[in-house]
Amino acid sequence: MGKGYLLITLKEFPNNCYVLLDEEFRSALFKTAWKKCGSREKFAKKLGVSETTMASWRRGRNSAHRPQFCSIQNLKVISAYLKQEQPKQFSMEEMQKHVMAYRAPAGRLWVCNPQVPVQDSVELRGVVTHLICDGSAPQTPQRTSRYASTSKTSIEEFISKLTTFGDILRNGNEPLHVQQEKGLTKGKKNKYVVGIPKVIPSILGQYFGISFGTFESRLPSQFFEGKRVLLASVVRAFLIDEGNIRDNRIYFTSANKRLLQDLKRICTLLEYSCGKLEKKTRTYSFCILTKSFLKAYADIIQLGKLPIPEKQKRLELGVRLVTQEKDLSKLNEGILTHLHQRPMTNVELSLSLGISAMTIWGRLKKLEKENKVLRKNGRVGKGGAIVYFCPC
């Protein structure tokens, strides 16, 4: 699906990214460098490494017969050293054609069969946005990078987006798998996580000049350019992590005001009519207004249904609320019929009856005054929705 013109080449990877080159190119690279310098020993001394390390780079294996990666920093030095005699054969541009895998220093998660250079795409923009919203990308050695969600299918979709970099494999063999955390999140839902190679946010952070911190993160300036589908991919990813649909409006919330301003700018580029960015108690919020709901829906759905079924249902309900007139003459009867079956929130009733949650809420208030419905003690999660039921 949509591709852009942005390319992240091997030369632009961080110096502490470690690369494994294919056998033929790797052999020619080091043999040529040794010959020019006079010997393997002399070239090792020139780079400030041991002769054993140099030999392991050449073999692509260490003394324990495990793959031996070489840092981008050293590969740049070697490429520059051979530039005068071999200006193209061992250039970084040529070298990137021969990368078998890359990883962070001592990283167990490798990017194998990599797509180098990394090209702008809906997947790339989705990965960046997800890492900003619900990801964790600390650069401290002991901390892992990961993406978390209360939806397992969101994690699975995120994993599929990572293929824009290559095949993500643990120690070059085991594929990524979704893990379930022991802790609970708001609403007492299970939390799912997936670890990702630290080298990926490292590459993205350096290239785009961004941080993935909660309060420091910003959308890359390059994300304000490109085809419509590329812009829409950012909105869709943000909706998955930090958005919700209330009747026929789409809301986005974040504690990071400037990040929301960036998102609103993209919405403006997509010609959505949006509400004002408002400050809540600890967060900020804005919405895509009803008049632009169908336009936003069309942009989002062309990239695929939302991986969170409940949000997808609300999105589809929003379309019906905008396009179809509703007969409300038997609404009270419908509410009571559903509540006789089981206790429900006004949002659940809204989805079941195809009527806006605001309209349902108004009817519930009246039915409550008439003692035809009651509220259950407690709510769905901390600060969550009220649950109603019929007393008889």
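Residues numbered from 1 in each chain as written. Predicted model: local features only at pLDDT ≥ 70, side-chain atom pairs only at ≥ 80, totals over all residues. Heavy atoms only, no water.

## Focus on the packing of aromatic side chains
A ring pair, where both rings are aromatic, is described by two values, the distance of the centres and the angle of the planes.
For step 1, the next point in the chain: Throughout the structure, instances matching the rule amount to 11 aromatic pairs.
For step 2, the next point in the chain: Plain terms: the ring middles of F252 and F286 are 5.4 Å apart, the flat faces sit at 35° to each other, and that makes the pair tilted. Placement of the pair is F252 in strand β14 (residues 249-254) and F286 in strand β16 (residues 284-288), with a sequence separation of 34 residues.
For step 3, the next point in the chain: Residue class for F286 comes out buried when judged on its relative accessible area of 2%.
For step 4, the next point in the chain: Grouped by ring-pair contacts, the aromatic residues F30, W34 and W57 constitute a single cluster. (Phe/Tyr/Trp six-rings, centres within 6.5 Å; stacked < 30°, edge-to-face > 60°. Helix = DSSP H or I, 4+ residues; strand = E, 2+ residues; numbered from the N terminus. Buried < 20%, exposed > 50% of the residue type's maximum accessible area, 1.4 Å probe, protein only.)

## Focus on the sheet that holds β14
For step 1, the next point in the chain: Strand order in the open sheet made by the four strands is β13-β14-β16-β15, with antiparallel pairing throughout. Either end of the sheet is taken by a strand with one partner, and the two such strands are β13 (243-246) and β15 (278-279).
For step 2, the next point in the chain: Here β15 runs beside β16; their pairing, made up of two bridges, is antiparallel. Looking at β16, one finds that E278 is bridged to S285.
For step 3, the next point in the chain: Each of β13 and β14 touches helix α9 (residues 228-242); the most contacted strand, β14, lies at about 70° to it. (Pairing = 2+ DSSP bridges. Contact = heavy atoms within 4.5 Å. Axes fitted to C-alpha atoms, helices over the stretch in contact; angles between N-to-C directions.)

## Description of the pairing of strand β5 (residues 109-112)
For step 1, the next point in the chain: Burial of the side chains of β5 extends over both faces: L109 and V111 are buried on one face and W110 and C112 on the other.
For step 2, the next point in the chain: Where strand β4 (residues 99-103) lies against β5, two bridges are found, and the strand directions are antiparallel. Each bridged residue has a counterpart across the sheet, and for A101 the counterpart in β5 is C112.

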